[in-house]
Amino acid sequence: MAGRGAMNTADTIFALASGGGRGAIAVLRMSGPAAGMALAALAGGLPKSRMASLRRLRDEAGEVLDQALVLWFPGPHSYTGEDSAELHLHGGPAVVAAVAGALAALGARPAEPGEFTRRAFLNGRMDLTAAEGVADLVAAETDAQRRQALRQVDGALATLTGAWAGRLTRLLAHQEAAIEFAEDDLPTDLGDQARAGAVALRAEIEQHLADGGRGERLREGVLVAILGAPNAGKSSLLNALVGREAAIVSARAGTTRDVVEVRLDLAGVPVTLADTAGLREAGDEIEQEGIRRAHRRAEEADLVLAVFATDAPPDAETLAWVTPAALVVANKVDLRSAPATIGGVVPLAISARSGEGLDALRAALSAAAVRLAGAGDAALLTRPRHRAALTEASAWLAEAEAAALPELGSEALRAALRALGRLTGQVGVEAILDVVFRDFCIGK
Ligand SMILES: Nc1nc2c(ncn2[C@@H]2O[C@H](COP(=O)(O)OP(=O)(O)O)[C@@H](O)[C@H]2O)c(=O)[nH]1
Ligand SMILES: [Mg+2]
């Protein structure tokens, strides 16, 4: 498709589309003008389109490499829009290597990460947001992430953006008509209509921008930093929450020196729990660095989990992190009962040792994660790129509303339309292609 970025699609690419290592089946896929020739050469002729057939695969010397299911997807109605094929091989490394070698001998080359989907986009098979959705679907670790990615593959964001672009195009037509009629000195309210339309459209876009970043958070995961004095039981708590000894627990203060992170699935939201070095006036240099890292992680965190132990008075360093947004726990209630409040907040009484209160803490963490990532209600913006494009469109709409001259309003509306077009990849796409397809895996 013209204007979608120069790229050499004349060559034929192949890649392992299933996971590496040993498995029952390994799927090699290829795409490009020579895909049919290469498949025919390997499989002794082209099979019927889109029908699985069992073939012996041979290299150029006639040696049988494997017995495989082969599928032929002639373009343009394939994933990439090009002639494509899939080989379902026996999933051993030697089989895959032999068939990949035969494909390379036939002139195909290994694909770059995301190159299949990139071609699908370049050939107009999907818009940019759907392509991003494919990458997110492959990377999804939790149900809520999977649902969000599927929504995007299904075009939820592209459909909304397309509808906005349609309205904007009509506003632009009104505005241009207003300019025409003004030249004819005819009274008209077309300019006012365009202005009112811009106001309404901007309000809708702003409503989506005011989603608290839930979509991005769900995509990337919610970061929870565990903070507290040395020996408060932070590492014990992390281990109790994940059900394994991820962090070292010791009666010696200052044992945890770097940030230890584990991934949890809480109500469908991926949560990264970060255990940190205890906050105190540090002794040696390594511990000081650990404490610096603890503060940095806490500043980046979406949620701070402040841990206090019942057998010590609340320490000033940790109290400084207690806000209404923080989760406060009083640990070691097996030793002593929890105080009524810590820093003005009612703590959750827990014991990392006995397990008391951990269910309530897990529930509180889940609720916070769902609130932060909007796992229940759908946020449509899942990447900073989306937010940037809509913020820009909204700013241009504001400019159009404020424009003193109809010609300026018209220019601003056009710029807003371009910003929307960038979101779905209709305009100005060259600069962002590499960014979008960088985080794909090979074979997608
Ligand atoms: N009695 C009791 N001891 C605990 C509890 N949680 C942790 N500890 C002990 O407190 C000490 C410090 O624990 P650790 O998890 O390393 O604390 P951290 O320095 O905050 O990471 C260890 O000896 C733990 O066994 C608890 O709930 N009850
Ligand atoms: Mg520790």
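Residues numbered from 1 in each chain as written. Chains lettered and ligands numbered in written order. Predicted model: local features only at pLDDT ≥ 70, side-chain atom pairs only at ≥ 80, totals over all residues. Heavy atoms only, no water.

**A closer look at the UniProt feature "binding site: (6S)-5-formyl-5,6,7,8-tetrahydrofolate" (unreviewed entry) in the chain**
As a reminder of what qualifies: UniProt positions are given in the numbering used here, feature names are shortened, and annotations may be inferred rather than shown by experiment. Helix numbers and strand numbers start at the N terminus; a helix is a DSSP run of H or I with at least 4 residues, a strand a run of E with at least 2. When checking whether two residues touch, look at their non-hydrogen atoms; a contact exists if any pair is within 4.5 Å.
UniProt annotation of "binding site: (6S)-5-formyl-5,6,7,8-tetrahydrofolate" (unreviewed entry) refers to Arg29, Glu86, Arg125 and Lys444 when read in the numbering used here. With respect to the helices, strands and loops of the structure, Glu86 is situated in strand β5 (residues 84–90). Not counting the four nearest positions on each side in its chain, Lys444 is found in contact with Arg29, Tyr79, Gly114, Glu115, Phe116, Thr117, Val134 and Val138.

**A word on the nonpolar core**
Which entries qualify depends on this criterion: Residue types Ala, Val, Leu, Ile, Met, Phe, Trp, Tyr and Cys, when buried and joined through side-chain atoms within 4.5 Å, form a set referred to as a nonpolar core. The rule is simple: take the accessible area with a 1.4 Å probe, protein chains only, and divide by the maximum for that residue type; under 20% is buried, over 50% is exposed, in between is partly exposed.
Counting 31 residues, the largest nonpolar core has Val224, Leu237, Val271, Leu273, Leu305, Leu361 and Leu365 as its most contacted members. Elements represented by at least two residues in this core include exactly β7 (222–228), α9 (234–242), β8 (260–266), β9 (269–275), β10 (303–309), β11 (327–331) and α12 (358–373). No other element matches α12, which puts seven residues into this core. What Leu365 contacts, discounting residues up to four positions off in sequence, is Val224, Leu241, Leu266, Leu303 and Leu327. Core analysis: the next-biggest nonpolar cluster, separate from the first, contains 25 residues, Trp72, Ala85, Leu89 and Leu103 among them.

**A word on the side chain of Thr382**
Heads up, the condition is: We call two N or O atoms a polar contact when they sit within 3.5 Å, provided that within protein one can donate a hydrogen and the other can accept it, with sequence-adjacent residues counted only if both atoms are side-chain atoms.
Of note, Thr382 is situated in the loop between α12 and α13 (384–402). In this structure Thr382 comes out as buried when scored by relative accessible area, which is 1%. Engagement of the side chain of Thr382 in a polar contact is seen with the side chain of Gln152, the distance being 2.7 Å. Discounting residues that sit within four places of it in the chain, Thr382 has contacts with Asp136, Gln148, Gln152, Gly215, Glu216 and Arg219.

**Section: the packing of aromatic side chains**
What counts is decided by this rule: The criterion for an aromatic pair is that two Phe, Tyr or Trp rings (for Trp, the six-membered ring) have centres within 6.5 Å, with stacked assigned to planes under 30 degrees apart, edge-to-face to planes over 60 apart and tilted to the rest. The criterion is that NZ of a Lys, or CZ of an Arg, lies within 6 Å of the ring centre and within 35 degrees of the ring normal, and then a charge sits over that ring.
One pass over the structure, following the stated rule, counts zero aromatic pairs. It is Arg29 that lies over the ring of Phe116; its NZ or CZ is 4.7 Å from the centre.

**Thoughts on the sheet that holds β10**
Cut-off, in case you're wondering: Paired strands, in this sense, are two strands between which DSSP finds at least two bridges. A fitted line through C-alpha atoms serves as each axis, taken over the contacting stretch for helices, and the angle formed by two N-to-C directions is quoted from 0 to 180°.
Spatially, the six strands line up as an open sheet ordered β8-β9-β7-β10-β11-β12, and their pairing is mixed. Two strands lie at the open edges of the sheet, namely β8 and β12 (348–349), each paired on one side alone. Pairing between β10 and β11: five bridges, direction parallel. The residue bridging Val307 from the neighbouring strand is Val329, located in β11. In the packing of α9 onto the sheet, the strands contacted are β7, β8, β9, β10 and β11, and the crossing angle to β9 comes to about 155°.

**Remarks on unusual backbone geometry**
Cis peptide bonds are those with omega within 30 degrees of zero, and the linkage from Gly75 to Pro76 qualifies with 5°. A positive phi is found at Arg50, a non-glycine position, where the angle reads about 55°. One non-glycine residue, Lys332, lies in the positive phi region at around 70°. Within the fold, Lys332 resides in the loop between β11 and β12.

**Remarks on the environment of Asp143**
The topology assignment puts Asp143 in helix α5 (residues 143–153). A relative accessible area of 41% places Asp143 in the partly exposed class. Separated by 238 residues in the primary sequence, Asp143 and Leu381 place their C-alpha atoms 18 Å from one another.

**Remarks on the sheet that holds β5**
One open sheet holds the six strands; their spatial order is β3-β4-β5-β2-β1-β6, and the pairing between them is mixed. Sheet topology places β3 (53–58) and β6 (109–110) at the edges, where each strand pairs with a single neighbour. In this structure, β3 lies alongside strand β4 (residues 64–73), joined through six bridges in antiparallel fashion. By the bridge assignment, Arg56 is partnered in β4 with Gln67.

**Comments concerning the pattern of salt bridges**
For the record, the criterion: Within this document, salt bridges are pairs made up of a side-chain nitrogen of Lys or Arg and a carboxyl oxygen of Asp or Glu, the two lying within 4 Å of each other.
With the rule as written, the count across this model stands at 26 salt bridges. Between Glu401 and Arg202 there is a salt bridge whose closest N-O contact spans 2.9 Å. On the criterion of sequence distance, the pair formed by Glu401 in helix α13 and Arg202 in helix α7 (residues 190–209) is long-range, its members being 199 residues apart. Since its relative accessible area comes to 26%, Arg202 is described here as partly exposed. Note that Glu300 and Arg297 form a salt bridge whose closest N and O atoms lie 2.2 Å from each other. Taken together, the residues Glu300 and Arg297, both in helix α10 (residues 285–300) and three residues apart, mark about one turn of the helix. Where salt bridges share partners, they join Asp11, Glu82, Arg109, Glu115 and Arg119 into one cluster.

**Points about the site of ligand 1**
Just so we agree on the cut-off: By convention in these notes, a residue is near a molecule or strand provided one of its non-hydrogen atoms lies within 4 Å of it. To measure how exposed things are, a 1.4 Å probe is used in the Shrake-Rupley method; for residues, cover is taken only from the protein chains shown. Residue polarity is assigned by list, with Asp, Glu, Lys and Arg as charged and Ala, Val, Leu, Ile, Met, Phe, Trp, Tyr, Cys and Pro as nonpolar; anything else, Gly included, falls into the polar class.
Surrounding ligand 1, one finds 18 residues, the nearest of these being Asn231, Lys234, Ser236, Asp334 and Arg353. Contact between ligand 1 and Asp334: a nitrogen atom at 2.8 Å from a side-chain N or O atom of the residue. Protein contact buries 89% of the 570 Å² of open area that ligand 1 shows by itself. Counting residues per element, the shell around ligand 1 draws most heavily on α9, at three residues. Among the residues forming the shell around ligand 1, the class breakdown is seven nonpolar, seven polar and four charged.

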